[in-house]
Amino acid sequence: MEYFFGIDFGACNLKCVRADEFKLRAIKLNTSDDGSFHTPSAIFYNKTQRGEVDKIIGQTALNQGALEPENLIVDLKRKLEIKDWRKNIPALGRDVAAPEAAEDIFKKIYAFAARNFQPDDTARAAITVPAIFTERQRKILSNAAARAGFTVDAIVNEAFAAIFGVQAEENSLNVIFDFGGSTLDVSVIKFAGAEVTELVASGLNLGGLDINRDILEKILRPKFADVLDAAWDVENSLDLQLNFTRRLKETLYSDFEESVDAELVEFRPGFDKIRLTRAEVEELLEREGYGEKITALLDEIFDELEQGADCFDAEDVTAIWAFGGSMHIPYFRRLLENYFGAETFDADAYEFDDDEGLAAGLEDKYLVVAGGAANFLRKREKIRTVNVIPYRVCYSLGGALKLGIAKNSASGFETLYLKLNLAELENFGWKIELYQAFANLSDAAYLGEVKLNPALYSKAEPPLLKLKILRDGKIRLRIFERRVTDGAAEIALVEEFEL
């Protein structure tokens, strides 16, 4: 039998939903048996007395990792954004790179997902990623899931997957606002019968992890540094303090109180002195510019839509679908209400109950993305999807990013000659790095690099770069040089690469 799985590989939590021809079912990944269908995105390498290494994910990994932090990896999704990230794991006696850790996590997910499978059963999967993930990062996750046992049919944007997990109206214009632990993803999707068009997608490297760090460093630490440092006098004290801050924040916003005492979250000496208030958090968010960054992103998205063929603006939006743990905080719900109007998004009326059933459209804040991805696979033969996601491929010689080519350029499109700075090339070891970025180049993500062979160049003239989009979506780099042969000047091709 063929099963469809939607896997939301989140920065803070892992979620998985299985679909067959008739129904959707959440897969319980939480080994702590607390009844929830999501589990923390963490893996712990546990060396047993027999000398073997068990790989444990979820809350159990966090619990054991508190005692042996050197064998714990958390926030892997963000580490995929870091070039060549790796960590030494003493239990294994070697380094573990981000792709290997991702594969180990997917193997555990597969073990839960394929439980009770028959020999001829197939696990087809759609994996969701942030809109700002590069092709390289998507490939890492796709390969990791495939090696774990899944047949990967699609890597889709989280916000795009979510539209298949809600009950969108016919002929509607929908904004998907997915504000999770690592990223904010926003997509504007036109839903018209059997055609689903993603008109624009963008995002920010901004999420609950950033809020936790700001609360710790700019509210708690200035007042309670001595208490916090005494409580966690270990090598990974920052990770443990950030985890405590996360739980303190979640308790503050789940108990509908204006303040929370730290003793309710962690019973340690001196914690009776620590109190966090909603007023402090909201003042912090305003001071640190969270609202300005999100508003600027929305402005950028709708400026682009207004220039498109349909000339959409914010007043044309039919519905706002907001998900992610960061939406617990009323500050962000009010921001959406102010931007789109209370008739389109009512901050006070919006529901976030975890126990909303899958049968009600998967409008649960945790499962809507994974459920939507599974639903997408189940329905894809009956619908037509159109993705129009503009982003740019930029290049760098070790310094500032320079604009290269739009990834949405038609297959076969090639840039004019782009002059490379010879001195910059030599200083950077004759490497060219490529990055993916939206309008805000400061949020660029590493895509890959090529290394030129300096022996092939005369170095009398600056090399020239051309970028081309190939039919399979890859990027071709061709490097030329002006040369004089038999008295005639020509532009000669020197090297060629594909990424």
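In what follows, the structure referred to is the one given above.
Residues take numbers from 1 onward in each chain, read along the sequence in its written order. The model is predicted, so local features are restricted to residues of pLDDT at least 70 and side-chain atom pairs to those at 80 or more, both for listing and for counting; the totals for chains, interfaces and linings are taken over all residues. Neither water nor hydrogens contribute to the side-chain values; these are computed over all heavy atoms in the structure.

(A) Broad picture of the overall build of the protein chain. Secondary structure counts use DSSP, requiring at least four H or I residues in a row for a helix and at least two E residues in a row for a strand, with both numbered from the N terminus. Scanning the protein chain from terminus to terminus reveals 12 helices and 26 strands. Against the 2.2 N^0.38 benchmark of 23 Å for 499 residues, the protein chain shows a C-alpha radius of gyration of 24 Å, consistent with a compact globule. Across its three principal directions, the C-alpha atoms of the protein chain cover 85 × 55 × 55 Å. Residue burial is assigned from relative accessible area. The probe radius is 1.4 Å, only protein chains are included, and a residue is buried under 20% of its type maximum, exposed over 50%, and partly exposed in between. Classification of the 499 residues of the protein chain by burial places 53% in the buried group. In this analysis, two residues are considered to be in contact whenever any of their non-hydrogen atoms come within 4.5 Å of each other. Sequence separation of 24 or more characterises 62% of the internal contacts of the protein chain that already satisfy a separation of 6 or more. Only four residue types enter the tally: Lys and Arg on the positive side, Asp and Glu on the negative side; His and the chain ends are excluded. Think of each charge as sitting on NZ of Lys, CZ of Arg, CG of Asp or CD of Glu. Measuring between centres, the 60 positive side-chain charges of the protein chain sit 7 Å from its 85 negative side-chain charges. Note that the radius of gyration is over C-alpha atoms, with the globule rule given as 2.2 Å times the number of residues to the power 0.38.

(B) Region of interest: helix α4 (residues 135-148). Across its 14 residues, α4 extends 20 Å between first and last C-alpha, which sits within 8% of the 20 Å expected from 1.5 Å per residue. Every buried residue of α4 is listed here: Gln-137, Arg-138, Ile-140, Leu-141, Ser-142, Ala-144, Ala-145 and Ala-148. Looking at the packing, one finds that the buried side of α4 touches β1 (2-9), α3 (98-113), β10 (122-129), β11 (151-157) and β23 (445-451). Here the expected span of a helix is defined as 1.5 Å times the quantity of residues minus one.

(C) Expanded view of a negative patch on the surface. Only residues whose relative accessible area exceeds 30% and that take part in no salt bridge are eligible for patches, with like-charged residues grouped when within 9 Å of each other and nonpolar side chains (Val, Leu, Ile, Met, Phe, Trp, Tyr) grouped when within 5 Å. For the area figures, the Shrake-Rupley method with a 1.4 Å probe applies, and any residue is considered shielded solely by the protein chains shown. Note on definitions: salt bridges are taken to be side-chain nitrogens of Lys or Arg within 4 Å of carboxyl oxygens of Asp or Glu. Taken together, the side chains of Asp-299, Asp-303, Glu-304, Glu-306, Glu-315 and Asp-316 define an acidic patch exposed on the protein surface. When you line up the elements, Glu-304 lands in helix α9 (residues 290-306).

(D) Examining the pattern of salt bridges more closely. Applying the stated criterion to the full structure yields 26 salt bridges. A salt bridge links Glu-288 to Lys-218; the shortest N-O distance between them is 2.9 Å. On the criterion of sequence distance, the pair formed by Glu-288 in the loop between α8 (278-287) and α9 and Lys-218 in helix α6 (residues 208-231) is long-range, its members being 70 residues apart. The class for Lys-218 is partly exposed, based on a relative accessible area of 38%. One continuous salt-bridge network, built from bridges that share partners, spans Asp-214, Lys-218, Glu-283, Arg-287 and Glu-288.

(E) Region of interest: the environment of Leu-464. Structurally, Leu-464 can be placed in strand β24 (residues 464-469). Here the alpha-carbon distance between Leu-464 and Val-494, two residues 30 residues apart in the chain, equals 9.7 Å. The residues contacting Leu-464, other than those within four sequence positions of it, are Tyr-417, Leu-418, Lys-419, Arg-478, Ile-479, Phe-480, Arg-482 and Ile-491.

(F) Region of the structure containing the pairing of strand β25 (residues 475-485). Bridge count for β24 against β25 is 6 bridges, and the pairing is antiparallel. Bridged to Leu-465 within β25 is Ile-479. A pair of strands counts as paired when DSSP detects no fewer than two bridges linking them. Inspection of the sheet shows β25 paired to strand β26 (residues 488-498) by 10 bridges, in the antiparallel sense. The residue bridging Ile-479 from the neighbouring strand is Glu-495, located in β26.

(G) Main features of the sheet that holds β23. Spatially, β20-β19-β22-β23 is the arrangement adopted by the 4 strands of the open sheet, whose pairing is antiparallel. Either end of the sheet is taken by a strand with one partner, and the two such strands are β20 (402-406) and β23. Averaged over all neighbouring strand pairs, the angle between strand axes comes to 30°, with direction disregarded. To get an axis, a line is fitted to the C-alpha atoms, and for a helix only the part in contact is used. The angle between two axes follows their N-to-C directions and goes from 0 to 180 degrees.

(H) A look at the packing of α6 against α8. With their axes 11 Å apart at the nearest point, α6 and α8 run at an angle of 115° to one another. As α6 runs across α8, the sense of the crossing is right-handed. Residue-level contacts link Ile-211, Asp-214, Ile-215, Lys-218, Ile-219 and Lys-223 of α6 to Glu-280, Val-281, Leu-284, Leu-285 and Arg-287 of α8. In this scheme, a crossing is called left-handed if the near helix is turned counterclockwise away from the far one by less than a right angle; it is called right-handed if the turn is clockwise.

(I) A look at the sheet that holds β24. Taken in spatial order, the 4 strands of this open sheet run β21-β24-β25-β26, and their pairing is antiparallel. Edge positions in the sheet fall to β21 (418-419) and β26, since each has one partner strand and no second.

(J) Structural context of the pairing of strand β2 (residues 13-19). In terms of residue burial, β2 counts as a mostly covered element, since 7 of its 7 residues are buried. With burial as the criterion, each face of β2 is covered, one bearing Asn-13, Lys-15, Val-17 and Ala-19 and the other bearing Leu-14, Cys-16 and Arg-18. Here β1 runs beside β2; their pairing, made up of 6 bridges, is antiparallel. Looking at the pairing, Phe-4 lines up with Ala-19 of β2. In sequence, β1 turns back onto β2 through a hairpin of 3 residues.

(K) Representation of the nonpolar core. Ranked by internal contacts, the top residues of the largest apolar core, which has 57 residues, are Leu-220 and Phe-332. For this core, the element with the most residues is α6, which contributes 9 residues. Those residues in contact with Phe-332 that lie beyond four places of it in its chain are Phe-179, Ile-211, Leu-285, Tyr-290, Ile-294, Ser-326 and Met-327. Nine residue types can take part in a nonpolar core, namely buried Ala, Val, Leu, Ile, Met, Phe, Trp, Tyr and Cys, and a core is a set of them joined through side-chain atoms within 4.5 Å. With 39 residues, the next largest nonpolar core counts Phe-5, Ala-113, Ile-140 and Leu-141 among its residues.

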